[in-house]
Amino acid sequence: MTDIELTNFGATGMNEHAHDQLVSAPEQRVVKVLRKTPGLTRAEIAESTSMPRSTVSAAVRHLLESRVVEEFECADSTGGRRPTKLRVAPAVGNAFVAELGQHHARLGIASREGELLATDDIKIDIEIGPEKTIKALAKGWRRLRDEIPGALVSAGLAVPGPVDGSGHVVGAARMPGWSGKDIAGMLAQELAVPSVIENDARAAAIGEWNCRGRHLDSCIYVKAGTGIGAGWVSGGVAYRGSRGLAGDITHLRVQTDNPLPCTCGNSGCLETVASGAAILRRLGHLGSSISTTSQLVTAENSGDPQAVSLVRDAGIRLGEVLSNLVNFLNPVRIVLGGSMSQMSSLLAGVRSELYERCLPMCTEHLVIETSACGANAPLIGMSILDSHMPISQEGNH
Ligand SMILES: [Zn+2]
């Protein structure tokens, strides 16, 4: 399977070469069953997994040695030595985390349970390629590391392109030179810790899930920034799809009289009309001096009529695409994140279009709101993926 079971933390893409605690298939099954039902004994694990008791004992011994699971209070017994209950140990240590954009990166150090301890923003151009980008990220991370006590034991990078189940960037138009390369391996080599990469919108959806107490019901998370992406989380699973493209709404076609060419080679894609870049382009044609997303946010927030109108229009186009997904998936919640979500006109446009186009039963209880963890969502998502690496290979089977 290539999807990410959040309840079991089956992250994929962790680079195995730098991993000195690789876990076997029986160990993965033990961790999975203990995540689902903490407090089982070895005998109960053997029963529920149908593995021989000797296999379970060996797996548990290694997991205890590597501190992936821990023993706690004794279970009742009818006599003799009382069997010990087991559970998955809280993740220890901190993670290097980052979200990479076209021209910037947000770096952080986070606990492996999802708490951000420090962040920094740096300018970077993704077109310089993965080797130089990773060197620049590492430099920024080392600066942060010096401020935060605690061991750094893993790294996670969210990227603005599709990532497949083997942890490779797949055909990302906005990331020339990145496709097919072992980015996680390069990170692992630079930082000397196990590393993982993930699509930024999916990482943000996972971060949002964590911020909401890990009880987020079916949710479409939209990352609206310079570009537009989305992630789909349902029933504790972040869906990746067969090639890593699940949730990618960037190139869904919208109705338009004058379809503009898109980076993907088609024309009339959502990104060409509803992204931050598309709004800035339209403002430029209208002779506006607004040329960056942050200037756009400031203008919209202060009620600039041109900015408000164009952002609301973008929200309507986004709502048009989302209405099809809402009718199909019937989610509980739509969450808007990314820099564009700081503009209320976007949310208003999305909301009005959804109510206009969707079946009333689909929108009756639909919650449409902005992100609970804001710009930090992808970083938090990456720290969570990292923290549960013991079963990270699961997705590669
Ligand atoms: Zn396109």
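Relevant structure appears above.
Below or above, wherever it landed, is the structure these notes cover. The structure displayed is predicted, hence computed values, not measured ones.

Attention now goes to the overall build of the protein. If you tally the helices and strands in the protein, you get 13 helices and 13 strands. Per-residue burial over the protein gives 54% buried out of 397 residues. Within the protein, contacts between residues separated by at least 24 positions form 65% of all contacts whose residues are at least 6 apart in sequence. A total accessible area of about 17,100 Å² is found for the protein, and carbon and sulfur atoms account for 50% of it.

Mapped onto the elements, Ser-54 comes out in helix α3 (residues 53-65). When the C-alpha atoms of Ser-54 and Ala-43 are compared, they prove to be 9.9 Å apart, with 11 residues separating the residues in sequence.

At a closest axis distance of 6 Å, the pairing of helix α10 (residues 305-329) and helix α11 (residues 344-357) adopts a crossing angle of 40°. It follows that α10 is oblique to α11 by the angle criterion. For the pair α10 and α11, the sense of crossing is right-handed. Its residues placed into classes, the contact of α10 with α11 shows 11 nonpolar, 7 polar and 4 charged.

A few words on the packing of helix α8 (residues 276-285) against α10. One way to put it is that α8 packs onto α10 with a least axis distance of 10 Å and a crossing angle of 140°. With respect to α10, the axis of α8 lies oblique. The way α8 lies across α10 gives a crossing that is right-handed. Here Ile-279, Arg-282 and Leu-283 of α8 come into contact with α10, specifically with Gln-306, Leu-310, Val-311, Asp-313 and Ala-314.

Around the zinc ion, the donor atoms from the protein are His-251 (ND1), Cys-262 (SG), Cys-264 (SG) and Cys-269 (SG), and they sit 2.0 to 2.3 Å away. Every donor counted, the 4 donor atoms about the zinc ion form angles of 101 to 121° at the centre, which fits tetrahedral coordination. Positions of the donor residues of the zinc ion along the chain correspond to the pattern H-x10-C-x1-C-x4-C. Taken as a pair, His-251 in the loop between β11 (237-238) and α7 (270-274) and Cys-269 in the loop between β11 and α7 lie far apart in primary sequence, 18 residues in all. Exposure remark for Cys-269: the relative accessible area of 0% places this residue in the buried category.

A few words on the sheet that holds strand β6 (residues 116-123). In space, the 5 strands of this open sheet follow the order β6-β5-β4-β7-β8, with mixed pairing throughout. If you trace the sheet from one side to the other, it starts and ends with β6 and β8 (195-199), each paired once. Across the sheet, the mean angle separating the axes of adjacent strands is 20° when strand polarity is ignored. Of the strand pairs in this sheet, strand β4 (residues 94-100) and strand β5 (residues 104-111) are connected by 7 bridges, and their pairing is antiparallel.

Here the focus is the pairing of β4. Buried residues dominate β4, accounting for 7 of its 7 residues. The alternating pattern of β4 places Asn-94, Phe-96, Ala-98 and Leu-100 and Ala-95, Val-97 and Glu-99 on opposite faces, both of which are buried. Between β4 and β5, which pair antiparallel and follow one another directly, the connecting turn spans 3 residues. Summarising the sheet, β4 and strand β7 (residues 152-159) pair through 6 bridges and their orientation is parallel. Each residue of the ladder has a partner; that of Asn-94, found in β7, is Leu-152.

The final tally for this structure, using the stated rule, is 17 salt bridges. Lys-223 is paired through a salt bridge with Asp-200; the nearest N and O atoms lie 3.5 Å apart. On the criterion of sequence distance, the pair formed by Lys-223 in strand β9 (residues 219-224) and Asp-200 in helix α6 (residues 200-211) is long-range, its members being 23 residues apart. Neither residue differs from the other here; Lys-223 and Asp-200 are each classed as buried.

For the rest of this paragraph, the subject is the state of the cysteines. Cysteine pairs can be covalently joined through their sulfur atoms, and such a bond is termed a disulfide. Within the structure shown, the criterion is met by 0 disulfides. There is no disulfide at Cys-358, and the cysteine sulfur nearest it, in Cys-362, is 6.1 Å away. Given the relative accessible area of 5%, Cys-358 is considered buried.

Counted according to the given criterion, the structure contains 1 aromatic pair. Ring centres 5.5 Å apart and planes at 50° place the aromatic pair Phe-96 and Trp-141 in the tilted group. With Phe-96 in strand β4 and Trp-141 in helix α4 (residues 130-145), this residue pair connects regions lying 45 residues apart in the sequence. Trp-141 carries the same exposure label as Phe-96, and that label is buried. Sitting over the face of the ring of Phe-72, Arg-87 holds its NZ or CZ atom 4.1 Å from the ring centroid.

Bringing the environment of Gln-255 into the picture now. Mapped onto the fold, Gln-255 is located in the loop between β11 and α7. Look at Gln-255 and you get exposed, because its relative accessible area is 63%. Each C-alpha atom, one on Gln-255 and one on Glu-320, is 9.0 Å from the other, the two residues being 65 residues apart in sequence. Residues in contact with Gln-255, not counting those within four places in the same chain, are Arg-317 and Glu-320.

Turning to the environment of Ala-105, a few remarks are in order. Within the secondary structure, Ala-105 sits in strand β5. Overall, Ala-105 belongs to the buried group, its relative accessible area being 0%. Separated by 16 residues in sequence, Ala-105 and Asp-121 have C-alpha atoms that sit 5.8 Å apart. Every residue in contact with Ala-105, bar those within four places of it in the chain, is listed here: Glu-99, Leu-100, Asp-120, Asp-121, Ile-122, Ile-124 and Leu-137.

Parameters and conventions
Note on numbering: residues in each chain are counted from 1, in written sequence order. Totals for whole chains, interfaces and linings use every residue, but because this is a predicted model, local features are given only for residues with pLDDT of at least 70 and side-chain atom pairs only at 80 or more, for both listing and counting. As a convention, hydrogens and water are excluded, and side-chain values are obtained from all of the structure's heavy atoms. Labels follow the DSSP assignment, with helices taken as runs of H or I lasting at least four residues and strands as runs of E lasting at least two, numbered in each case from the N terminus. Only protein chains enter the accessibility calculation, which uses a 1.4 Å probe; a residue whose area is less than 20% of its type maximum is buried, one above 50% is exposed, and one in between is partly exposed. Contacts: residue pairs with any heavy atoms within 4.5 Å of one another. Here, Shrake-Rupley sampling with a 1.4 Å probe gives the accessible areas, and only protein chains in the shown set may cover a residue. Interaxial angle, 0 to 180 degrees, is taken between N-to-C directions of lines fitted to C-alpha atoms, where a helix line uses only the stretch in contact. Any angle from 65 to 115 degrees is called roughly perpendicular, while one under 35 is roughly parallel, one over 145 is roughly antiparallel, and all others are oblique. In this scheme the crossing of two helices becomes right-handed for a clockwise turn of the near helix relative to the far one and left-handed for an anticlockwise turn of less than a right angle. Residue type decides the class: Asp, Glu, Lys and Arg count as charged, Ala, Val, Leu, Ile, Met, Phe, Trp, Tyr, Cys and Pro as nonpolar, and the leftover types, Gly among them, as polar. Metal coordination here is assigned from N, O and S atoms located within 2.8 Å of the ion, or within 3.2 Å for Na, K and Ca; omission of water means that sites may look incomplete. Every geometry call rests on angle ranges, with four donors termed tetrahedral when all angles are between 85 and 135 degrees, four termed square planar and six termed octahedral when opposite donors are over 155 degrees apart and all others are between 65 and 115, and everything else termed irregular. Pairing between two strands requires that DSSP report at least two bridges joining them. Criterion for a salt bridge: a side-chain nitrogen of Lys or Arg within 4 Å of a carboxyl oxygen of Asp or Glu. When the sulfur atoms of two cysteines come within 2.5 Å, that pair is taken as a disulfide. In this analysis, rings of Phe, Tyr and Trp, with Trp reduced to its six-membered ring, are considered paired at centre separations within 6.5 Å, and the interplanar angle assigns stacked below 30 degrees, edge-to-face beyond 60, and tilted for intermediate values. In this scheme, the term charge over a ring applies when either NZ of a lysine or CZ of an arginine sits within 6 Å of the ring centre and within 35 degrees of the ring normal.

Geometric values such as these leave the question of function open.
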